[in-house]
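# Examining the three-dimensional arrangement
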Amino acid sequence: MNPKQGHILYLHGFLSSPHSQKAQQMQAYLALNFPHIQLHLPQLSGKPAQAIDQAERVFSTLLQQYQQEFLGVVGSSMGGFLAAHLLNTISAQPKAVLINPAVAPHRLFPDYVGEHTNPYTQEQFSLEAADIRLVEQRYIASIRQPQQFQVWLETGDEVLDYQLAQNLYKDSECHVTHGGDHAYQNFVRELPQICAFLACERFAQ
């Protein structure tokens, strides 16, 4: 009889990819320590409307297909914003681990209006004012189920103000490390705690 397989969804950030360092580090860690857990790594569009739609469709599909075997979501930066949106708007029990998550990306996106090329995929797209309004509509002012979230922040994040996330997730399991940067330099070190929060041991050999 084959053992059950667990499932985790990883959502990367803006202008990133499943081939980013953290995504690959988590995939390698799971393969070594929890081989019965599958990490789902969708490539999200740089266009917010498409990225939101893609994340919602994959999340809903995993919930429907795997139910109790779906452990949760890991989201980095903009992926963290999307993960919070999913858990806060869709009635579901999975947990989410957020790595230097964006809280109010609509406040930063005006600086990014214009043409972009994803360095990983070479996708070319234009970020417009309508995209920013769409993201602002998903702004989360409070977390309904703070116990569903584990948050990892580094104070040296040069892109996002870590204090915004620290305030929003004040009632969640929130870890703040001095220094670091937006990429979260200590990600590998935190993977055991991340997997413990997601209950990965349920699918250990």
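Above: the structure in question.
Not measured: the values here are computed from a predicted model.

### Describing the side chain of Asp-131
One can find Asp-131 in helix 4 (residues 129-137). Its relative accessible area of 6% is what places Asp-131 among the buried residues. Polar side-chain contacts of Asp-131 include one of 2.9 Å to the side chain of Lys-47. Excluding residues that lie within four positions of it along the chain, Asp-131 makes contacts with Lys-47, Pro-48 and Ser-126.

### Details of the layout of surface pockets
In this structure, the largest pocket occupies an estimated 520 Å³ of space. If you go around the largest pocket, you meet 26 residues; those closest to its centre are Gly-13, Phe-14, Ser-16, Ser-77 and His-182. Of the residues forming the lining of the largest pocket, the biggest block, three residues, is contributed by helix 1 (residues 21-33). If you add up the space inside the second largest pocket, you get close to 200 Å³. Lining the second largest pocket are Leu-63, Gln-67, Gln-68, Phe-70, Leu-71, Gln-93, Pro-94, Lys-95, Phe-197, Leu-198, Ala-199 and Arg-202. Of the residues that constitute the lining of the second largest pocket, the class distribution is seven nonpolar, three polar and two charged.

### Points about the pairing of strand 5 (residues 114-117)
Strand direction decides the pairing type here: strand 5 and strand 6 (residues 124-127), joined by four bridges, are antiparallel. Across the sheet, residue Thr-117 finds its bridge partner in strand 6, namely Gln-124. What sits between the antiparallel neighbours strand 5 and strand 6 is a turn of six residues, in which Gln-122 has the positive phi angle 65 degrees.

### Focus on empty space enclosed by the protein
Where empty space is left becomes clear once a probe the size of a water molecule has been rolled over the atoms. One pass over the full model with this rule turns up two cavities of 30 Å³ or more. In this structure, the largest cavity spans a volume of roughly 110 Å³. If you trace the largest cavity, you find 15 residues lining it, with Gly-13, Phe-14, Ser-45, Ala-51 and Met-78 closest to the centre. The set of elements that each furnish at least two residues to the lining of the largest cavity consists of helix 2 (48-66) and helix 3 (78-89). For the lining of the largest cavity, the element with the highest residue contribution is helix 3, accounting for three residues. Residue classes in the lining of the largest cavity are distributed as eight nonpolar, seven polar and no charged. Of the volumes computed, that of the second largest cavity is approximately 30 Å³.

### Points about the packing of aromatic side chains
Within this structure, the stated rule accounts for six aromatic pairs. Ring geometry for Phe-14 and Phe-125: centres 6.0 Å apart, planes at 80 degrees, overall edge-to-face. Of this pair, Phe-14 sits in the loop between strand 1 (6-11) and helix 1 while Phe-125 sits in strand 6, and the two are 111 residues apart along the sequence. With a relative accessible area of 22%, Phe-14 lands in the partly exposed category. On the accessibility criterion, Phe-125 (5% relative accessible area) is buried. Within the aromatic cluster, the residues linked to one another by ring pairs are Phe-14, Phe-109, Tyr-112 and Phe-125.

Parameters at a glance
- Residues numbered from 1 in each chain as written.
- Predicted model: local features only at pLDDT ≥ 70, side-chain atom pairs only at ≥ 80, totals over all residues.
- Heavy atoms only, no water.
- Helix = DSSP H or I, 4+ residues; strand = E, 2+ residues; numbered from the N terminus.
- Buried < 20%, exposed > 50% of the residue type's maximum accessible area, 1.4 Å probe, protein only.
- Polar contact = N/O pair within 3.5 Å; in protein donor to acceptor, adjacent residues only side chain to side chain.
- Contact = heavy atoms within 4.5 Å.
- 1 Å grid on protein atoms, 1.4 Å probe; cavity = no way out; pocket = protein on both sides within 12 Å on 5 of 7 lines; lining within 4 Å.
- Points joined across faces, edges and corners; volume = space filled by probe spheres on them.
- Nonpolar A, V, L, I, M, F, W, Y, C, P; charged D, E, K, R; others polar.
- Pairing = 2+ DSSP bridges.
- Phe/Tyr/Trp six-rings, centres within 6.5 Å; stacked < 30°, edge-to-face > 60°.

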